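Overview (structure and organization)
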Amino acid sequence: MTQNEKSIPVVIVGGGQAGLSISWYLCREQVEHVVFEAKTACHSWDDERWDNFCLVTPNWQCELPGHPYKGNDPHGFMVKQEIIDYVKGFADSFTAPLREHTPVTSITRHENGGYRVVAGAELWHAQHVVIASGAYHDAVIPGYASAIDPSIYQVHSQDYRNAAQLPDGAVLVVGSGQSGAQIVEDLFIENRKIHLCVGSAPRVSRFYRGRDIVDWLADMQFYDLTVDNHPLRDGARDKTNHYVTGRNGGHDLDLRLFARDGVGLHGTLETIRDEVAHFAPDLRDNLDDADKTNADIKQSIDAYITREGITAPTEAPYVPVWEPEASNTPLDLKAAGITSIIWCIGFRPNYRWIDVPVFNGANKPVWHRGVTDAPNFYFLGLPWLHTWGSGRFSGVSRDAAWLASQITGKDVPVA
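Below or above, wherever it landed, is the structure these notes cover.

What to know about the pairing of strand β1 (residues 5-13)
When β1 meets strand β8 (residues 122-131), the two strands line up parallel, connected through eight bridges. Opposite Lys6, over in β8, you have Trp124 as the bridge partner. As defined by bridge partners, β1 adjoins strand β2 (residues 33-36) across four bridges and the pair is classed as parallel. What sits directly across from Val13, in β2, is Phe36. Viewed along the sheet, the connection from β1 through helix α1 (residues 17-28) into β2 turns out right-handed.

Here's the deal with the nonpolar core
Counting residues in hydrophobic clusters, the biggest one holds 92 residues, and the most contacted among them are Ile107, Ile131, Leu187, Ile342, Phe377 and Leu380. Other than its neighbours up to four places away in sequence, Phe377 contacts Ile107, Tyr115, Val129, Ile131, Ile354, Val356, Val358, Gly370, Val371 and Thr372.

Regarding the environment of Ile83
Structurally, Ile83 is set in helix α3 (residues 80-92). Between the C-alpha atoms of Ile83 and Asp46, which are 37 residues apart in sequence, the distance is 9.0 Å. With near-sequence residues (within four places) excluded, Ile83 lies in contact with Trp45, Phe53, Cys54, Leu55, Met78 and Phe393.

Side note on the environment of Asp46
Along the chain, Asp46 falls in helix α2 (residues 43-47). Sequence spacing of Asp46 and Val198 is 152 residues, and the spatial spacing of their C-alpha atoms is 27 Å. Discounting residues that sit within four places of it in the chain, Asp46 has contacts with Lys80 and Ile84.

A short note on the pattern of salt bridges
Applying the stated criterion across every chain yields a total of 21 salt bridges. Arg256 is the partner of Glu323 in a salt bridge, and the nearest nitrogen-oxygen pair spans 3.2 Å. Of the two residues, Glu323 is situated in the loop between α7 (283-308) and β18 (331-332) and Arg256 in helix α6 (residues 255-260); the sequence distance between them amounts to 67 residues. Accessibility expressed as a relative area gives 39% for Glu323, which makes it partly exposed.

A few points about the sheet that holds strand β11 (residues 170-174)
Within the open sheet, the five strands sit side by side as β10-β19-β11-β12-β15. Their pairing is parallel. A strand with exactly one partner marks an edge of an open sheet, and here the two such strands are β10 (153-156) and β15 (264-266). Ignoring which end each strand starts from, the neighbouring axes of this sheet average 20 degrees apart.

Quick notes on the state of the cysteines
By the definition in use, this model includes zero disulfides. With no disulfide of its own, Cys62 lies closest to Cys54 among cysteine sulfurs, the gap being 12 Å.

Examining the environment of Ile189
Relative to the assigned elements, Ile189 resides in helix α4 (residues 178-189). In this structure, the C-alpha to C-alpha distance between Ile189 and Lys6, residues 183 residues apart in sequence, is 54 Å.

Re the packing of aromatic side chains
If you walk through the whole model with that rule in mind, you get 19 aromatic pairs. Ring centres 5.0 Å apart and planes at 85 degrees place the aromatic pair Trp24 and Tyr25 in the edge-to-face group. Given the relative accessible area of 16%, Trp24 is considered buried. Under the relative-accessibility criterion, Tyr25 is labelled buried at 0%. Judged by centre distance (6.0 Å) and plane angle (65 degrees), the rings of Phe377 and Phe379 are edge-to-face. With respect to class, Phe377 is no different from Phe379; both count as buried. The rings of Tyr115, Tyr351, Phe359, Trp367, Phe377 and Phe379 are connected pair by pair, giving a single aromatic cluster. Residue placement shows Arg203 over the ring face of Tyr318; its charged tip is 4.6 Å from the ring centre.

Looking at the sheet that holds strand β17 (residues 276-279)
Strands in a sheet are paired, the pairing made by backbone hydrogen bonds, and the direction either parallel or antiparallel. In spatial order, the strands read β16-β17-β18; together these three strands make up an open sheet with antiparallel pairing. Edge strands, defined here as strands with exactly one partner in the open sheet, are β16 (269-273) and β18.

Re α1
What sets the pattern is the α-helix's 3.6 residues per turn: residues three or four places apart point alike. Under the 1.5 Å per step criterion, the end-to-end length of α1 is 16 Å for twelve residues, consistent within 8% with the ideal 16 Å. The element α1 is extensively covered by neighbouring structure, given that ten of its twelve residues are classed as buried. When we look at burial in α1, the residues that qualify are Gln17, Ala18, Gly19, Leu20, Ser21, Ile22, Ser23, Trp24, Tyr25 and Leu26. Positive phi appears at Gln30, one or two residues downstream of α1, with a value of about 60 degrees.

Some words on the pairing of β11
Among the five residues in β11, five count as buried, and that is most of the element. Alternating positions in β11 separate into two faces, Ala170, Leu172 and Val174 on one and Val171 and Val173 on the other, with burial throughout. By the bridge criterion, four bridges tie β11 to strand β12 (residues 194-197) in an arrangement that is parallel. Among the inter-strand pairings, Val174 is bridged to a residue of β12, identified as Cys197. Handedness of the crossover is the feature at issue here: the chain leaves β11, passes through α4, returns alongside β12, and the resulting connection is right-handed.

A few points about unusual backbone geometry
Note: most residues except glycine have negative phi, and most peptide bonds are trans. Not every positive phi belongs to a glycine, and Glu275 is a case in point at roughly 60 degrees. In this fold, Glu275 is placed in the loop between β16 and β17. Given a relative accessible area of 17%, Glu275 falls into the buried group. The phi dihedral of Arg369 is positive, around 55 degrees, even though this residue is not glycine. Mapping Arg369 onto the fold places it in the loop between β21 (354-355) and β22 (377-379).

Reading guide: rules and limits
- Residues numbered from 1 in each chain as written.
- Predicted model: local features only at pLDDT ≥ 70, side-chain atom pairs only at ≥ 80, totals over all residues.
- Heavy atoms only, no water.
- Pairing = 2+ DSSP bridges.
- Helix = DSSP H or I, 4+ residues; strand = E, 2+ residues; numbered from the N terminus.
- Right-handed = clockwise from strand over helix to strand, strands pointing away.
- Core = buried A, V, L, I, M, F, W, Y, C linked by side-chain atoms within 4.5 Å.
- Buried < 20%, exposed > 50% of the residue type's maximum accessible area, 1.4 Å probe, protein only.
- Contact = heavy atoms within 4.5 Å.
- Salt bridge = Lys/Arg side-chain N within 4 Å of Asp/Glu carboxyl O.
- Axes fitted to C-alpha atoms, helices over the stretch in contact; angles between N-to-C directions.
- Disulfide = S-S within 2.5 Å.
- Phe/Tyr/Trp six-rings, centres within 6.5 Å; stacked < 30°, edge-to-face > 60°.
- Lys NZ or Arg CZ within 6 Å of the ring centre and 35° of its normal.
- Expected span 1.5 Å × (residues − 1).

Next comes the structure, spelled out in structure tokens:
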């Protein structure tokens, strides 16, 4: 150990809900540790969400350790400030050894065992390391975006706040996952002219046969399904989330309804060249596939209702309200009056600061239930780390308790 090196049993990288969750368990087990956060505990909710952002899962699923949702609307959906208050309330509920504004810039193996961690201007020696910094680090914007006329304003979904932020004129939204579909609604409510590039994201209804679909799936124990038992196994981690919304009490997001009411729908964006957008001929297939996913979920609920002998109202099958004529006709941005582009095509993880052999050939971390092949090196808070809820308020506590048991060598019960 070097002269200025500090030693500690556990270092946690990331002070959001995942990092704070395992800190909560380690505090309860009286395990000395430190949590390094590059910004603040709530920065992703506060700084990387639009003004009208809300949860798409009901409030009753918010179950951070020792801090379940206690409001008066368990079947509602917290809006942005309520989410921030919930996470801050959790952080304030115990004394976490949290070091905000302290980015970790390097992790390497230590010659004496464990790991050398560079955090801010300090050097640490840790026996255990938990990476809880998430997987949404680098915003994805295609290379050709730099060649688009600078008079067209461009913004990634993480930096979009509201319609007033954009110049007057039509908006091209690229990507139809959760962020893209909800931002389209946000702009639609503000009477903006919108064009949407529709990708392969699936959709799900908000309510079905008298209940929120999340309630049905919870009763069907879908949220207890582990990635090991998922039909896609590790492939579940690469699936795009279903688009739906909790806005104003929650409702479906049907892109066909938007199209019927004036939103221009196009296939997957292939490129923009000389201010002309070119699309793949897949709009019809993408819409049909999204509807099929929704229908399949409903059929699984129907089967459950029948099998369990549950009395529930019936519901007529979904009938599409709009069908596309062509999906790959190029779109001249200037002629269409488009003055801004919102990129809603996701993020790439950035683990370049980790020099530990825990990555596969695609530079993705490899783990089983968060435990890697490197001794005492763990990941937490990632999608499908163990179950669907691993990257959400609903499942991170269970995963954190499990990793705490790996660190302490004893059973750590879920709070």
